[in-house]
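Observations on the model geometry
These are the residues of each chain, in order.
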Amino acid sequence: MKIKIALSILALLSTLLLVSCGGNTSSTKEASNTKLLAPEGDQIYFGAFPDFGGTEDQVSTQRIIDFEKIVGKKIAWAAFSDNWYNGISYPKAEIHAIKNSGATPYVRIMPRSDEIQGHAEQKFSMRNIINGDFDSKLKAWANEAKKDNIPLLMDFAVEANGDWFQWSGKFTGGSKTTTYGDPNYPDGPERYRDAYRHIIDLFREQGVHHVTWFYHYNYASFPNDEWNQPKYYYPGDDYIDWIGFSLYGAQTLSEEWDGLDFSAQLKAFFPSFQSLETTKPIALLEFGVTDHHTQGNKSAWLNDAFKTILKNPYIKFSAISPWHESWENEDGSLTTIRLDSSAETKATAKKWISNDRFISNLRF
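For every chain, the first residue of the written sequence is number 1, and numbering continues from 1 onward in sequence order. Reporting in this predicted model follows two pLDDT cut-offs: at least 70 for local features of residues, and 80 or more for side-chain atom pairs to be given and counted; totals over whole chains, interfaces and linings ignore these cut-offs and use all residues. Calculation of side-chain values draws on the structure's entire complement of heavy atoms; hydrogens and water are dropped beforehand.

A word on the nonpolar core. Here, nonpolar core means buried Ala, Val, Leu, Ile, Met, Phe, Trp, Tyr and Cys residues that are tied together by side-chain atoms lying within 4.5 Å of each other. For every residue, the accessible area (1.4 Å probe, protein chains only) is compared with the maximum for its type, and the residue is labelled buried under 20%, exposed over 50%, or partly exposed between those bounds. Residues Phe-156, Trp-213 and Phe-245 are the most contacted members of the largest nonpolar core, which totals 93 residues. The element that contributes the greatest number of residues to this core is helix H6 (residues 187-205), accounting for seven residues. Between two residues, a contact is recorded if the distance between any of their heavy atoms is within 4.5 Å. Those residues in contact with Phe-156, other than ones at most four positions away along the chain, are Ile-109, Pro-111, Met-126, Ile-129, Tyr-192, Ala-195, Tyr-196, Ile-199 and Phe-214. Phe-214, Ala-283, Ala-319 and Ile-359 belong to the second-largest nonpolar core, a separate cluster that totals 14 residues. Counting from the N terminus, the helices are DSSP H or I runs at least four residues long and the strands are E runs at least two residues long.

On to the packing of aromatic side chains. The way to describe two aromatic rings as a pair is by their centre distance and the angle between their planes. Any two of the Phe, Tyr and Trp rings considered here, Trp counted by its six-membered ring, make a pair once their centres fall within 6.5 Å; the pair's planes then place it as stacked at under 30 degrees, edge-to-face at over 60, or tilted in between. Counted under the stated rule, the structure contains 37 aromatic pairs. Aromatic pair Tyr-219 and Phe-269: ring centres 6.1 Å apart, planes at 80°, arrangement edge-to-face. With Tyr-219 in the loop between strand S5 (211-218) and helix H7 (230-233) and Phe-269 in helix H8 (residues 262-274), the pair connects residues that are 50 residues apart, well separated along the chain. According to the relative accessible area criterion, Tyr-219 is buried, its value standing at 15%. Taken together, Tyr-215, Tyr-217, Tyr-219, Tyr-234, Phe-245, Phe-269, Phe-270, Phe-273, Tyr-314 and Phe-317 form an aromatic cluster joined through their ring pairs. Any Lys NZ or Arg CZ found within 6 Å of a ring centre and within 35 degrees of that ring's normal is scored as a charge over the ring. The ring of Tyr-239 carries Arg-204 above its face, with NZ or CZ at 5.0 Å from the centroid.

All right, on to unusual backbone geometry then. Cis geometry is found at the peptide bond from Phe-222 to Pro-223, where omega equals 0°. Mapped onto the elements of the fold, Pro-223 is located in the loop between S5 and H7. Backbone geometry at Ala-157 places phi at a positive 45°, although glycine is not the residue there. Take Ala-157: it is sitting in the loop between strand S4 (152-156) and H6. You can call Ala-157 buried: its relative accessible area is 0%. Within the chain, His-292 stands out as a residue other than glycine whose phi angle is a positive 65°.

Now for the pattern of salt bridges. Should the charged atoms of two oppositely charged side chains come close, the side chains can pair. Salt bridges are identified by distance alone: a Lys or Arg side-chain nitrogen within 4 Å of an Asp or Glu carboxyl oxygen. What the rule picks out here adds up to 12 salt bridges. Note that Glu-56 is salt-bridged to Arg-112, the shortest N-O span being 3.9 Å. Remark: Arg-112 occurs in the loop between strand S3 (104-110) and helix H4 (126-130) and Glu-56 occurs in the loop between strand S1 (44-46) and helix H2 (61-71); sequence separation between them is 56 residues. The pair formed by Glu-56 and Arg-112 is uniform in burial state, with each residue classed as buried. Note that Glu-68 and Lys-74 form a salt bridge whose closest N and O atoms lie 3.4 Å from each other. Using a relative accessible area of 40% as the deciding quantity, one classes Lys-74 as partly exposed. Residues joined by salt bridges that share partners form a network here, namely Glu-56, Arg-108, Arg-112 and Glu-286.

Turning our eyes to something else, we now look at the pairing of strand S2 (residues 77-83). Burial analysis of S2 places seven of its seven residues in the buried class, the great majority of the element. When DSSP locates at least two bridges between a pair of strands, those strands are taken to pair. Bridge count between S2 and S3: seven bridges; the pairing is parallel. Looking at S3, one finds that Phe-80 is bridged to Val-107. Crossovers are described as right-handed under a simple rule: with the strands pointing away from the observer, the path leading from the first strand over the helix to the second runs clockwise. You can see the chain leave S2, run along helix H3 (residues 92-101) and come back into S3, and the turn it takes is right-handed.

Moving on to a negative patch on the surface. Each patch is assembled from residues with relative accessible area greater than 30% and no salt bridge, linking like charges that lie within 9 Å and nonpolar side chains (Val, Leu, Ile, Met, Phe, Trp, Tyr) that lie within 5 Å. Only the protein chains shown count as cover for residues, and all accessible areas are computed by the Shrake-Rupley method using a 1.4 Å probe. Positive charges come from Lys and Arg, negative ones from Asp and Glu, while His and the chain ends are left out of the count. Charge placement uses NZ in Lys and CZ in Arg. For Asp and Glu, CG and CD serve respectively. Where like charges cluster on the molecular surface, the negative patch consists of Glu-255, Glu-256, Asp-258 and Asp-261. Here Glu-255 lies in the loop between strand S6 (242-248) and H8.

What follows concerns the confidence of the model for the protein. Per residue, pLDDT measures the predictor's confidence, with a range of 0 to 100. In the predicted model, the protein carries a mean pLDDT of 92, and 91% of its residues have values of at least 70. The model gives residues 1-30 a pLDDT under 50, and that stretch makes four contacts with residues more than four places away or in other chains.

This next bit is on the environment of Gly-41. For Gly-41, the location among the structural elements is in the loop between helix H1 (2-31) and S1. Taking the C-alpha atoms as reference points, Gly-41 and Gly-162, 121 residues apart in sequence, are found 33 Å from one another.

In structure tokens, the structure reads:
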């Protein structure tokens, strides 16, 4: 009896010791195979880009806190850009700043050597990624993430079906079919698809399974040609966990407002979305509109957007992530996408975001 009591006490002490310092043991085990699940029922995750500056990488816990005060709700994730012109290395400080806020880090891999848009990328091209030019650095990135063991949400080279970023299909082969791969497949999208697959394969080879991979495209394709449709860029269901896209209204004061209401854009874009033929959960990864436009009202645009999101007439949204930033354009005009760009805008955003269907806790 005494031996049994002694053994029981030792077992209890061992359990307590594991709980006190081995929460990490169990969480490490869980995190190693962590993927983001869709929320239950009609709930919608509420993430954000909470104004991490024009370079999109000025991450701090305080910026997250400031944004959450504006909208009156905790965010489920905080998105930032991992710009390769700073070097290809695991952004540990940024990831920990987000984790310390209580949010999950959302890392946008941006393979660019500068911020100038509208030209082809030379150094970090899709071709060079596919050829393995950066494999050693990417493996080191992956292994640092594995050691850190913080669940991550990630995407790669966003909005490739646009014509602005350096990795756009327009700059990587476009509609040609004879310079790369399948002779029946447009080379620009095919290179993007294979570069993304290559990165995911590298992470898998390193045993990194706590990353949820998003495919992030623009709701409208520029140019709007068949070869440039989102379906051709898609790495496939075997690689991607979530589908996401950007949808903006007028971003500058000179841009036409007519026809750019959120609901009208979503309706027009729906056939292109359907062509992806996937059952993955859907996220609205970027959305917003500028304030103080002479042709329209930002508060009205947001009302339409949130009504449409909650109603789900075409797409069941499992997550949303408003873009919260303002900047000066080359002509000196301001683009005011922030959710506190006016008292009216702030009140509208806060009202909708308070809806109980928008939730702050992710389900893994």
